[in-house]
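Structure assessment
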Amino acid sequence: MTGFETSAIFKLDRQGFNLRRGISILLVMLLPLVVLGALGEEKYFVSVALAALFTGLCDPGGRYSYRAPRLAVIALSGALLTALGYWLGAQAWGWVVLAAFVVTVLAGLAVTYGTHRFVAALLLNVWFLIALALPSAYRADGVHTSAWPQALAWLVGAALMIGYIGLMWLAGGRSGRQQTGAELLPGDTTPMPLSRKVIMYAVIRAVAVAAAVAIAFGLEVPNADWMPVAALVAMKPSLEQSTLVAAQRLTGTVIGATLAAVVLLGLDNKIAMGVILVVLGGLAGAIRAVNYTWYIAAVAGTVLIAEGLPHPTDLAEEARRIGFTFAGVGIAVVVTYLAGLLAKRTATSGRPPRSAAPAGHTGRL
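Note that the structure is predicted; figures quoted are calculated from it, not measured.

Calculation notes
- Residues numbered from 1 in each chain as written.
- Predicted model: local features only at pLDDT ≥ 70, side-chain atom pairs only at ≥ 80, totals over all residues.
- Heavy atoms only, no water.
- Helix = DSSP H or I, 4+ residues; strand = E, 2+ residues; numbered from the N terminus.
- Buried < 20%, exposed > 50% of the residue type's maximum accessible area, 1.4 Å probe, protein only.
- Contact = heavy atoms within 4.5 Å.
- Areas by Shrake-Rupley, 256 points an atom, 1.4 Å probe, with all protein chains shown as cover.
- Axes fitted to C-alpha atoms, helices over the stretch in contact; angles between N-to-C directions.
- Parallel < 35°, antiparallel > 145°, perpendicular 65-115°, else oblique.
- Nonpolar A, V, L, I, M, F, W, Y, C, P; charged D, E, K, R; others polar.
- Phe/Tyr/Trp six-rings, centres within 6.5 Å; stacked < 30°, edge-to-face > 60°.
- Core = buried A, V, L, I, M, F, W, Y, C linked by side-chain atoms within 4.5 Å.
- Patch = residues over 30% accessible without salt bridge, like charges linked within 9 Å, V, L, I, M, F, W, Y side chains within 5 Å.
- Salt bridge = Lys/Arg side-chain N within 4 Å of Asp/Glu carboxyl O.
- Polar contact = N/O pair within 3.5 Å; in protein donor to acceptor, adjacent residues only side chain to side chain.
- pLDDT = per-residue confidence, 0-100.

**A few points about the overall build of the protein chain**
Along the protein chain, the regular secondary structure elements total 13 helices and zero strands. Taken from N to C terminus, the helices and strands of the protein chain fall in the order α-α-α-α-α-α-α-α-α-α-α-α-α. Buried positions account for 55% of the 365 residues belonging to the protein chain. Residue pairs in contact within the protein chain that sit at least 24 positions apart in sequence constitute 85% of those at least 6 positions apart. Element-wise, carbon and sulfur atoms account for 69% of the exposed surface of the protein chain, whose accessible area totals about 15100 Å².

**Quick word on the packing of helix 3 (residues 45-57) against helix 11 (residues 270-286)**
Relative orientation of the contacting elements helix 3 and helix 11 amounts to 10°, with a least axis distance of 10 Å. Considering their axes alone, helix 3 and helix 11 lie roughly parallel with respect to each other. Of the residues in helix 11, those touching helix 3 at Phe45, Ala49, Leu53 and Leu57 are Gly274, Leu277, Val278, Gly281 and Gly285. For the contact of helix 3 with helix 11, the residue count by class is six nonpolar, three polar and no charged.

**Considerations on the environment of alanine 316**
Following the sequence through the fold, alanine 316 ends up in helix 13 (residues 315-347). A C-alpha to C-alpha distance of 9.7 Å links alanine 316 and leucine 265, two positions 51 residues apart in sequence.

**Comments concerning the packing of aromatic side chains**
Tallying each qualifying case throughout the model produces four aromatic pairs. An angle of 25° between the planes, with centres 5.1 Å apart, marks the rings of tryptophan 127 and tryptophan 154 as stacked. With a gap of 27 residues between them, tryptophan 127 in helix 6 (residues 115-140) and tryptophan 154 in helix 7 (residues 147-171) connect regions that are remote in the sequence. There is no split in this pair, since tryptophan 127 and tryptophan 154 are both buried.

**Remarks on the nonpolar core**
In this structure, Phe54 and Trp127 are the most contacted members of the largest nonpolar core, which totals 110 residues. Considering every element that reaches this core, the biggest residue donor is helix 6, with 15 residues. With sequence-adjacent residues up to four places away left out, phenylalanine 54 is seen in contact with Leu123, Val126, Trp127, Trp154 and Val303.

**Topic: a nonpolar patch on the surface**
A contiguous nonpolar patch, built from Leu30, Leu31, Val34, Val35 and Leu39 and spanning about 430 Å² of accessible area, is present on the exposed surface. Among the secondary structure elements, leucine 31 is positioned in helix 2 (residues 19-39).

**Let's talk about the side chain of glutamine 150**
Within the element layout of this structure, glutamine 150 appears in helix 7. Looking at glutamine 150, the relative accessible area reads 0%, which means it is buried. A polar contact of 2.8 Å, which involves the side chain of glutamine 150, links it to the side chain of threonine 145.

**Side note on the environment of valine 102**
Mapped onto the elements, valine 102 comes out in helix 5 (residues 93-109). Measuring from C-alpha to C-alpha, the distance between valine 102 and alanine 206 comes to 7.4 Å, with 104 residues separating the pair along the chain.

**Overview of the environment of tyrosine 201**
Here tyrosine 201 lies in helix 8 (residues 196-218). In this structure the C-alpha to C-alpha distance between tyrosine 201 and leucine 239, which are 38 residues apart in sequence, comes to 7.4 Å. Those residues within four positions of tyrosine 201 in sequence are excluded, and the remaining contacts are Lys236, Pro237, Ser238, Leu239, Val335, Ala339 and Leu342.

**Overview of the packing of helix 2 against helix 3**
With their axes 9 Å apart at the nearest point, helix 2 and helix 3 run at an angle of 170° to one another. One finds that helix 2 runs roughly antiparallel with respect to helix 3. Each of Ile25, Val28, Met29, Pro32, Leu33 and Leu36 in helix 2 lies in contact with helix 3, whose residues at this interface are Phe45, Val48, Ala49, Ala52, Leu53 and Leu57. Split into classes, the residues belonging to the contact of helix 2 with helix 3 amount to 12 nonpolar, no polar and no charged.

**Some words on the confidence of the model for the protein chain**
On average, the protein chain scores 85 in pLDDT, and the residues at 70 or more come to 88%. This stretch, residues 178-187, has a pLDDT under 50; its non-local contacts, to residues over four places away or in other chains, come to 23 contacts. The model gives residues 352-361 a pLDDT under 50, and that stretch makes 24 contacts with residues more than four places away or in other chains.

**Focus on the side chain of aspartate 59**
Within the fold, aspartate 59 resides in the loop between helix 3 and helix 4 (64-88). We classify aspartate 59 as buried; its relative accessible area is 5%. Here arginine 67 takes part through its side chain, which lies 2.6 Å from a polar atom of the side chain of aspartate 59.

Okay, here's the thing in structure tokens:
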């Protein structure tokens, strides 16, 4: 990696800062923290908060009549994955591994339906891995919860964000939120061919995630559930991503995981942890187009704090979580290397690539 590429990892584009979106996500995530805390139902906060965050990050912009149905699909899909994840989390580990593999393959193949659906599928894939791990965390903390109430909590969080987006659309004179060029074209639904290269890479990623899940659930290794989440966040979601973007994903994941471990170790008040989670979620929304490294760091920090929030631990446990995070990043490095070999083999095969991405496509999370 050249010096220019290294400096570019943290290069800022201040024009991409979106304060309005950041505040919107922060407010919608903060409301359930206050309400559920007052009701003594904090066990539903993670589902509600991440539903609001991920729904907000999936917003394609434009007229509300265009946005609402697409966000509703995200809400319903997330609710079904929530129920499945919470139910499978208490089942035999083989079913957990199989489900993680299938969901990750399907998320990878979503690239054929355009960038917007691809990003949404990746976020839902991340959430599914978290939902698989949360039941054991709640049990370790002596908290009883079940699949369908958590699925309903996800729907509530997504509905809050969809409703808030509608209010902001009306308040803004019914003008669609404009996307900047650096916003990764989230509204793009241009289809891509389902080529052998796309399928192979989706399967490679799924095998890597399934292997990490098998270690965490099959061997019943404490805190190993951070590994598949870190691996998925750090991995290139598509072969079209550049080396620089891959390095940004890896770097941001490590930063976010370190921050999450410090928060979980340094605080023993779950409300305070929840506030930090909300702030990081709002920050992720605001800086998405400012710098990809810091955006991934904010997302990784948010999801890993959410995963550890039900059962914060001591220094030794947090050290193990960081260790498993690095293991997940290592998996991402190996998969990225294999992806590079796959791309080179395709390029030298003498055939034109069948899966050329649409203009502007990056496949970023």
